[in-house]
Structure formats: structure tokens, C-alpha cells
Amino acid sequence: MSEYLHVEKPFLDQLKGLGWKVLDQGHAFIPSNPASSLRNTFREWILPDVFRDSIRALNLTADGKPWLTDHQLDDLRDQILRQPNLSLLEANEAAHALFLKAQVDHNEVTGESDPVVQLIDFAHPERNTFHAINQFRVNTPGCVKECIIPDIVLFVNGIPLVIVEAKVGDANTANPMHAAYEQLLRYRNGRSETLAAGLREGEAKLFHTNLLLIRTCGEKAEFG
């Protein structure tokens, strides 16, 4: 039974019904064009143009004018991406702190120093931008495989917040939920046997901003 038809596509269809913008890349190939997933390269995991446009639109002056400069938007993106020498848990906590209070140097329109910037509007969810992209390829140079391809990644304002792994039971997969769990571990480079061998097999940075992990086999889903 097709994992895409039985699990992945119904998940995407439900998201579409809830108002998410769904980019369905199918399941028959390894993505070769990053533009189809709103990126410039497969080494990006934040959607650059979506992030810029969404954050600019969220942060307005009292009379409704955007005030963030291109340089400030780049700095905000870099604040999320730059988590040097931190464990995955520490980087995740640092990213979540930015969702509650990110700042830039000053507001060039009003003159305010160190203004707080909204990365996500929690009070008015409809003001955010929601994307669901399946077969989200992220290249992993120096790893066991050249890339990871999570089944579905959910983005709010271009920031990856949810990663979904879909599996289906077949002759080779007796326990699809456990197989999905193992796949999520691999994607974040978290399998102990791989680390013990001195190897890398995932991209933990994709998980720095993660809020939810979901594993599903069509009949049920679990999150954590």
C-alpha cells in the first residue's frame, strides 16, 4: 500500500481544509529544485522570502506602516539560525525564547531603541502565514546520506515548527509507528549507534525551532 496515498496525502488534505497553504511535491522522486519548496538551496530550512514578507507584515507602526528594514529582517533570521556550540535542547530553548521576545537595534521610523519584534502573532493567529510542504529535502554534506527528506514539514511565517513522519505497514514494516520514530531520530542525528560509530546522518538544525514531532500510520497519530 502506498505510504503517500494512504497516509501522507490524507494528512495534507486535512491541513488544506484547515486553511494551510499546501505544497504537495508527490512521492515518486527526490526533489531536485529547491524553488519548488520556496527556497534558494537545499541547505536552507527557513523559507527565506516567506519569513521576510511575513515578519515585515506582522510588525507595523501605529498607523499601519511596516518598519523593519531588510537588514533587520536578515538579522532576525540569523538570530534564529545562529546557535553556536549548543546542544539540540539548548538551541531549541533559545529559539523558543525568540518567539516570545525577539529584538532589533532600533525602529528607524519611530526612533524607539531595542524594539520587540513579533515573529509569531499568538494573539491573532490569522495574521500568520501557514505552509505545509511534503518531501522537504535538506542536504546533509559529510553525512552517511546526502540528504534527509522528512515527509511533511509545517511552517509558520517560514519557520519550521512541526515535522511529520508517515509510515505504512507492509511486508517490510511490521510496526510503522516505531519505524516513523526511528526515522525522526535519524533526521535529527539522534541515533546512539550512529553517534557511537562517529558518523552523522541528519541535520539537527532543522529541529532547532521545532515545537512538535508527529508520527502517523494513517490509522493513528502520536505527537510529542
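Shown above is the structure to which this text applies.
If you're wondering where the values come from, they're calculated on a predicted model, not measured in any experiment.

### Comments concerning the overall build of the chain
Helix and strand counts for the chain stand at six helices and 10 strands. Relative to the compact-globule value of 17 Å for 224 residues, the chain shows a C-alpha radius of gyration of 19 Å, a close match. When its C-alpha atoms are laid out on the principal axes, the chain stretches across 65 × 40 × 30 Å. Split into buried and exposed, the 224 residues of the chain put 46% on the buried side. In the chain, the proportion of contacts linking residues at least 24 apart, taken out of those at least 6 apart, comes to 58%. Of the roughly 11,400 Å² that the chain leaves accessible, carbon and sulfur atoms contribute 53%. A gap of 3 Å separates the mean positions of the 22 positive and 30 negative side-chain charges of the chain.

### A word on unusual backbone geometry
Here the phi dihedral of Leu-38 falls at roughly 65°; this positive angle occurs in a residue that is not glycine. Relative to the assigned elements, Leu-38 resides in the loop between strand E1 (21-23) and helix H2 (48-58). In this model, Gln-135 sits at a positive phi of 50°, which is unusual for a non-glycine residue. Within the secondary structure, Gln-135 is located in the loop between strand E4 (130-134) and strand E5 (138-139).

### Re H2
Along H2, the residues classified as buried are Pro-48, Val-50, Phe-51, Ser-54, Ile-55 and Leu-58. Take H2 and look down its axis: the buried residues cluster within an arc of 160°, on one side only. At its buried positions, H2 is contacted by helix H3 (70-81), strand E3 (116-117), E4 and strand E8 (159-166).

### Digging into the sheet that holds strand E7 (residues 152-156)
One open sheet accounts for six strands, arranged E1-E4-E7-E8-E9-E10; its pairing is mixed. Each of the sheet's edge strands pairs with one partner strand only, and the pair in question is E1 and strand E10 (221-223). Across this sheet, the average inter-strand angle for adjacent strands is 20°, counted without regard to direction. Here E4 runs beside E7; their pairing, made up of five bridges, is antiparallel. By the bridge assignment, Ile-133 is partnered in E7 with Val-153.

### Quick word on a negative patch on the surface
A cluster of acidic side chains, namely Asp-105, Glu-108, Glu-112 and Asp-114, defines a negative patch on the protein surface. Checked against the element boundaries, Glu-108 lands in the loop between strand E2 (102-103) and E3.

### Here's the deal with the environment of Leu-76
As for its placement among the helices and strands, Leu-76 is situated in helix H3. Each C-alpha atom, one on Leu-76 and one on Ala-102, is 7.6 Å from the other, the two residues being 26 residues apart in sequence. The contact partners of Leu-76, leaving out residues within four places of it in the chain, are Phe-51, Ile-55, Leu-68, Ala-102, Gln-103, Val-104, Val-117 and Leu-119.

### Focus on empty space enclosed by the protein
As enumerated under the stated definition, the model contains one cavity of 30 Å³ or more in all. Lining the largest cavity, in full, are Trp-45, Ile-46, Ile-80, Leu-81, Pro-160, Lys-205, His-208 and Thr-209. Within the lining of the largest cavity, the residues separate by chemical class into five nonpolar, two polar and one charged.

### Comments concerning the pattern of salt bridges
Under the counting rule described, the total for this entry stands at 13 salt bridges. For the salt bridge of Glu-203 with Arg-43, the shortest nitrogen-to-oxygen distance reads 3.0 Å. A residue pair is termed long-range when its members are at least 10 positions apart, and Glu-203 in the loop between helix H6 (192-196) and strand E9 (212-216) and Arg-43 in the loop between E1 and H2 qualify at 160 residues. The class for Glu-203 is buried, based on a relative accessible area of 5%. In this structure Arg-43 comes out as partly exposed when scored by relative accessible area, which is 33%. Here Asp-70 and Arg-56 are joined by a salt bridge, their closest N and O atoms 2.7 Å apart. Linking Asp-70 in helix H3 with Arg-56 in helix H2, this pair joins segments that are 14 residues apart in sequence.

Reading guide: rules and limits
Residues numbered from 1 in each chain as written. Predicted model: local features only at pLDDT ≥ 70, side-chain atom pairs only at ≥ 80, totals over all residues. Heavy atoms only, no water. Helix = DSSP H or I, 4+ residues; strand = E, 2+ residues; numbered from the N terminus. Rg over C-alpha atoms; globule rule 2.2 N^0.38 Å. Buried < 20%, exposed > 50% of the residue type's maximum accessible area, 1.4 Å probe, protein only. Contact = heavy atoms within 4.5 Å. Areas by Shrake-Rupley, 256 points an atom, 1.4 Å probe, with all protein chains shown as cover. Lys, Arg positive; Asp, Glu negative; His and termini not counted. Charge placed at Lys NZ, Arg CZ, Asp CG, Glu CD. Arc of directions from axis to C-beta. Pairing = 2+ DSSP bridges. Axes fitted to C-alpha atoms, helices over the stretch in contact; angles between N-to-C directions. Patch = residues over 30% accessible without salt bridge, like charges linked within 9 Å, V, L, I, M, F, W, Y side chains within 5 Å. Salt bridge = Lys/Arg side-chain N within 4 Å of Asp/Glu carboxyl O. 1 Å grid on protein atoms, 1.4 Å probe; cavity = no way out; pocket = protein on both sides within 12 Å on 5 of 7 lines; lining within 4 Å. Points joined across faces, edges and corners; volume = space filled by probe spheres on them. Nonpolar A, V, L, I, M, F, W, Y, C, P; charged D, E, K, R; others polar.

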